[in-house]
Structures are given as structure tokens and as C-alpha cells.
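# A closer look at the structure
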Amino acid sequence: MIQPDQIQRPKLILVVDDQEMNRDILGVILGDDYELIYAENGEEALAQMRTHAERLSLVLLDLVMPVMSGFEVMEAARNDPQLRHIPVIVLTAEKSAELEALQMGAADFITKPLDVTEVVLARVGRIIELSEGRQLISAAEYDRLTLLYTRSFFFEYASRLFHFYPETRRDAVVVNIEQFHSINALSGREFGDKVLRLIGDELRSFLSETDGIASRFEADRFDVYCAQQPDYHVLLNRLQESVNRLLPGVSIHLRMGVMPWREGVEPVALFDRAQAACSMLRGDYQNPLMIYDEKMYEKELLNQRLLNDLRPAVDERQFRVFYQPKYDIRCDPPRLSSAEALIRWNHPELGMISPGSFIPLFEGNGLIGVVDAFVWEEAARQIAAWRDKYGFLLPVSVNLSRSDVFDPTLTDRLVKLIETNGLDFKSFKLEVTESAYTDNARELLEVIHNLRERGFEIEMDDFGSGYSSLNMLSDMPIDVLKMDMKFIRNIETSETDRRLVSLILDIAAYLDVSVVAEGVETEGQLAFLREGRCDLVQGYYFSRPLPPEEFEKLIEREIAIERSKTT
Ligand code: C2E
Ligand code: CA
Ligand code: CA
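Residues numbered from 1 in each chain as written. Chains lettered and ligands numbered in written order. Predicted model: local features only at pLDDT ≥ 70, side-chain atom pairs only at ≥ 80, totals over all residues. Heavy atoms only, no water.

Moving on to the coordination of the calcium ion (ligand 3). Here the calcium ion (ligand 3) is held by the protein donor atoms Asp461 (OD), Asp462 (OD), Glu518 (OE) and Glu518 (OE), which lie 2.3 to 2.9 Å from it. Along the chain, the residues donating to the calcium ion (ligand 3) are arranged with the sequence spacing D-D-x55-E. In this structure, the calcium ion (ligand 3) is positioned 4.2 Å from the calcium ion (ligand 2), and both are ligated by Asp461. Of the two residues, Asp462 sits in strand E16 (residues 458–463) while Glu518 sits in strand E18 (residues 514–518), which places them 56 residues apart along the sequence. Residue Asp462 is classed as partly exposed on the basis of its relative accessible area, which comes to 23%. By relative accessible area, which is 9% here, Glu518 ends up buried. (Donors = N, O, S within 2.8 Å, 3.2 Å for Na, K, Ca; no water. Helix = DSSP H or I, 4+ residues; strand = E, 2+ residues; numbered from the N terminus. Buried < 20%, exposed > 50% of the residue type's maximum accessible area, 1.4 Å probe, protein only.)

Here you go:
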């Protein structure tokens, strides 16, 4: 197999000496094995080094030269991040200069008059090999652009710091650039690199004053593991100001998440939370700093707990389905027309938990399917039970989550529920939240289409919460629009909201679908909706979601009203 170095060009060496004879001798000794370039003084040497910084394997450097000495060359190279990795062998006649040269970072020395050929070749070969080995390590250790640690080294060092000094309070800080990809796209990658380098410089300068380490990874994420700071605004402002100076007129926004030291918590876990805090700030320009606090920690623990408790909760039947009525307001008095099934979790230790705090959690990891399947079964069974008890079918709608909609077995499962319980398709309605329609509109369209073909009725939930375009709506085969609660909340006080509600009612009329208004709590809201020809209303004004045994009272009252009409 061919090794990479077998297909490389010969290695490049810069020979710097003001005496032509020395240059010639070195040329003869090294010329067969290496490619050589030459300089006659320090200034030329630096110019050559800069031109060939990427390729240069070694500099052979005379110390005493006109214009600029070898010492000055070494000094300049050491302070230049582009040059500092190039090894230097010093050419010297004076024993006294050797030590000084080594202290300044020379890798080795060769004495003049020049040693025997073999000694020169051996020293040159060894230093190049050594430095390549070291660069291999340092290439992995440092990010080339910012000279901060790379991710794996950073976490290795952070973990050592943590284990050697468990008492020292070091916090995890994550810095991110808002919309970095558009900075790259608008101002060019080179400018983007400049921003990153600048942040790297400022962080290194910060860490020269404070105990800590830093790393860059994933393009624009910087991690800092540093001694606890009294106020992180100071560091954030310092970084922000340095990028502000870069290009007046271009605004670059940084955001920062901090997870403070916590006894026994490993750096990796600290950084997870710092990152979580940082990503919560995405798009929030008013608020660029977030400290992960006790509340977030408790929320995380609670979420963890709820995730663990889901299975036993299903087995032990801690979930219950409540029913909230929908009333038809086109009649007077309004008539009970259907209900929505809403899940409730009666946790043995935490008490009643609202779906708002566990539905989004389970939606995030697919467990929602377990909850929904339970609700659907329960609701289907309940519809059948009420039919048997009261002699008519009261339609109930259930909620579908996004992940349900894209489950290929969905239609079959629903059809089976209808068949086993002997229901009518129209009595088991499906609510699909508006936000699902934007995820994968084409696929969703097909699923909805299939469900309607089978005879199911589809209600678009939370309509107007901000996702769907009118355009999409006209393609969408739906039967009912459920207007988002936020419109109703303020119709008594806000003219704008009243107009929006009227507009939605007009759209629905145009599309020839009926409208359910959700979250109706007052007489005034009801009156406005009635005026605007809204069809159905759901909300606390009529009833909160109720357990089935209490919901039955609403059914019985309805039956009594009907009877009184006919007699
Ligand atoms: P949603 O589907 O929009 O359900 C309506 C929510 O509004 C319910 O909250 C209901 O109790 C509440 N509500 C009804 N009338 C009023 C009112 O007049 N005023 C106010 N302020 N609120 C009212 P709930 O039961 O807490 O459910 C919250 C959300 O959780 C639901 O929003 C739904 O997205 C989700 N959810 C509930 N049950 C299930 C389920 O079985 N499966 C799935 N996937 N999601 C569910
Ligand atoms: Ca709903
Ligand atoms: Ca809703």
C-alpha cells in the first residue's frame, strides 16, 4: 500500500545565512533529499517563511546576520500563529549562543564550521520527524482557526480539572453566534472566519486573566470551562464589543448560556445544560444571556421523572379521559352536539398533571403514541357505552399528534376501533393541530385524504395559531376549523381580534366548513360569535372538561330539554 508520504513532494527547507559559501555547502549536503530555498538575512527569511508557511518543514538559521539577526527572526516567528509551528535549527559558531537559541525555542543547533555531512543530515531528519509528530498531536489538540482546544481534548482536560480539583467551582459557558450561517452567506466565509478568530482571541485573553480552558466546535459554538465569575455579562459584553468593532454597520449578535458549578456534576453534563440554556435564547436579541437555574433544573428532573413514570401509569390506569362539550349555538337554547376527549394524568405522588406539561414532552420522543392510543380506545369505548345507555350516538373528537399522523398503521388502527365498537365513522372525529400541516404538507394531505375517504371527519385544531397559509388551506380537505383560543380571549376588548375572528368566520364560510370557537368563557364572547354565525362553541362558559360520570349529567339534561319540547 502507498503511504501518504511516498506520494508527497520533497520536504522544503529554508536555509538562512549571509555567507554564500555556507549556503552552498548546505545546498550540497541537503540538495539530494530536500527542496531548498534561501535567504541572506533575517528580513528575507521572514518573508520566505510567510510565503511558504504551510509547506515549510524546517528553517536552518544563522544567528549573526546584517539587517535582521536570527534571534529577531525567532522572536517574530514565535509571536506569529502562522509561523510558530515551523521548527528552527540554529547555525552557530559560538558556544555561548547555543543556550540562548535553545531557550528561544530553537529545536536544535548545528555548529559552524559545518559538521560532517552525516551529522547535518541526521539532525535535520530527526528534527523534521519530531516536529511532524508533534504537529500531528497539536493538530488534533488545537482548532487551527482559533487556536482553542478541539472538542475531544477540551473535554479530556475539563474532566481532568474536574477530577483533580473537585472543590474548585468552574462553570460551563457556551457562546453562540446568532444566525452565523447568514453572516457567512452575506459577508463571505473569510469574514466569518475573522469573527471566529476574534472571539477565539478574546477568549484566550480572558483566560490569561482567569483560570480556565476553552474550545470551539460545530462552527460557531464556543465552550468555556472557567473559574466562577460574579457576572457573566462582563464576559459577554467583552466578546460582543470585540466583534462590534470588527465591521461597523454589520451587527453580529452573540448569545451565552451558563451552567454554574454543581457539586459532583461532570463537565459534560454541565455543558449539556449550558447549551440548553444557550439555545433557549435563539432569536431573542433582547436577552443574550441565560443562566441555567434551579427552576430549569427542577423542570428537567420532573421531565425525567414523567418519562420514567409513563409505562407504569398506563399499566396502573393513572390516565383518565375527560370530556368537554361542544354546543351548537345556531339553536336557542344552544344544544349539546359533541365532545372533545382530553387526557388527564392522576399521578400517585404528583397529583393531577395537566396535559400541557407532559404532552409536549412525550411528543418530543415518540411516547405520545402510547398516550393517544389509550385515549382513542377509551373514547371509542365511551361513545359505544353512551349509545347503549342513551340510545343515540354522541360524536366525540380525539386529538392526533404529529407523529400519529405519519404512522403508516394509523388508518387501520382507527378503522379497527370503529369496527370493534360498532361505531359510525362520523361519530369519531379527529383533531389535527394546525402546526402539523406545515411539517410535511404533501404527506399529510395524503393521510388526511385517506382518512376522509374512509368516512372520518377532520377538524383543524388551533387554527390561526400562525402556521398555515391561506393557500394551503384551500387545498386541505377538512371538515371543521377550530379557531385558536387566543382570538377569543380578547374579543370583548380588542377591535383587531374582533376583526380577525370575523375574517376567520368569513374564510370558513368561503371554504364551506363549519367553525368551532374554543375557550369561550363569557356571555359577551358568546354573543359576538353568535352574531358572526359561528357554528359551535367549546369553553368554560358551558363547561370545563369533565369525567364521564359528570358529563352524563349534561347528556341527561339535554334529553330532558328535548322531551319537554316534544310534550
Ligand atoms: P387543545 O386540543 O387545544 O385543547 C383545548 C384545551 O383548552 C384543553 O386544555 C381545554 O381544557 C382547554 N380549555 C377548554 N375551554 C377553555 C376555556 O374556556 N378557557 C381556557 N382557558 N381553557 C379552555 P387541556 O385539557 O389542558 O389540554 C391542553 C392541550 O393538550 C390540548 O390542547 C391538546 O393539544 C393536548 N391534549 C390534551 N389531550 C390530548 C390527547 O389525548 N392527545 C394529544 N395528542 N394531545 C392532547
Ligand atoms: Ca384539541
Ligand atoms: Ca385547540
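Below, the discussion takes up the pattern of salt bridges. Any two side chains of opposite charge can pair if their charged atoms end up close together. Following the criterion strictly, the structure yields 39 salt bridges and no others. Notably, a salt bridge pairs Glu209 with Arg238, separated by 3.0 Å at the nearest N-O pair. Here Arg238 lies in helix H9 (residues 232–244) and Glu209 lies in helix H8 (residues 189–209), a separation of 29 residues in the sequence. Taking the shortest distance from any N to any O, the salt bridge between Lys482 and Glu340 comes out at 2.8 Å. (Salt bridge = Lys/Arg side-chain N within 4 Å of Asp/Glu carboxyl O.)

All right, on to the site of ligand 1 then. Not every one of the 21 residues close to ligand 1 is listed here, only the nearest: Asp372, Ser401, Met485, Glu521 and Tyr540. In the environment of ligand 1, an oxygen atom lies 3.0 Å from a nitrogen or oxygen atom belonging to the side chain of Asp461. The protein chains hide 82% of the 790 Å² of surface that ligand 1 would expose on its own. Of all the elements in the fold, those that place two or more residues in the shell around ligand 1 are strand E12 (335–347), helix H12 (355–363), helix H13 (368–390) and E16. The element best represented in the shell around ligand 1 is E12, accounting for four residues. Within the shell around ligand 1, the residues separate by chemical class into nine nonpolar, five polar and seven charged. (Near = heavy atom within 4 Å. Polar contact = N/O pair within 3.5 Å; in protein donor to acceptor, adjacent residues only side chain to side chain. Areas by Shrake-Rupley, 256 points an atom, 1.4 Å probe, with all protein chains shown as cover. Nonpolar A, V, L, I, M, F, W, Y, C, P; charged D, E, K, R; others polar.)

Evaluated as defined, the whole model comprises 19 aromatic pairs. With a centroid separation of 5.4 Å and 75° between ring planes, the pair formed by Phe154 and Phe271 is classed as edge-to-face. On the criterion of sequence distance, the pair formed by Phe154 in helix H6 (residues 151–164) and Phe271 in helix H10 (residues 267–280) is long-range, its members being 117 residues apart. Accessibility classification places Phe154 together with Phe271 in one group, the buried group. Here the aromatic rings of Tyr541 and Phe542 are separated by 5.0 Å at their centres, their planes lie at 80°, and the arrangement is edge-to-face. (Phe/Tyr/Trp six-rings, centres within 6.5 Å; stacked < 30°, edge-to-face > 60°.)

On to helix H20 (residues 495–511). With 17 residues, H20 extends 24 Å between its outermost C-alpha atoms, agreeing within 8% with the 24 Å of an ideal straight helix rising 1.5 Å per residue. You can read the cap of H20 off the contacts: a side-chain oxygen lies 3.3 Å from the backbone nitrogen of Thr496, and it is on Ser494. (Expected span 1.5 Å × (residues − 1).)

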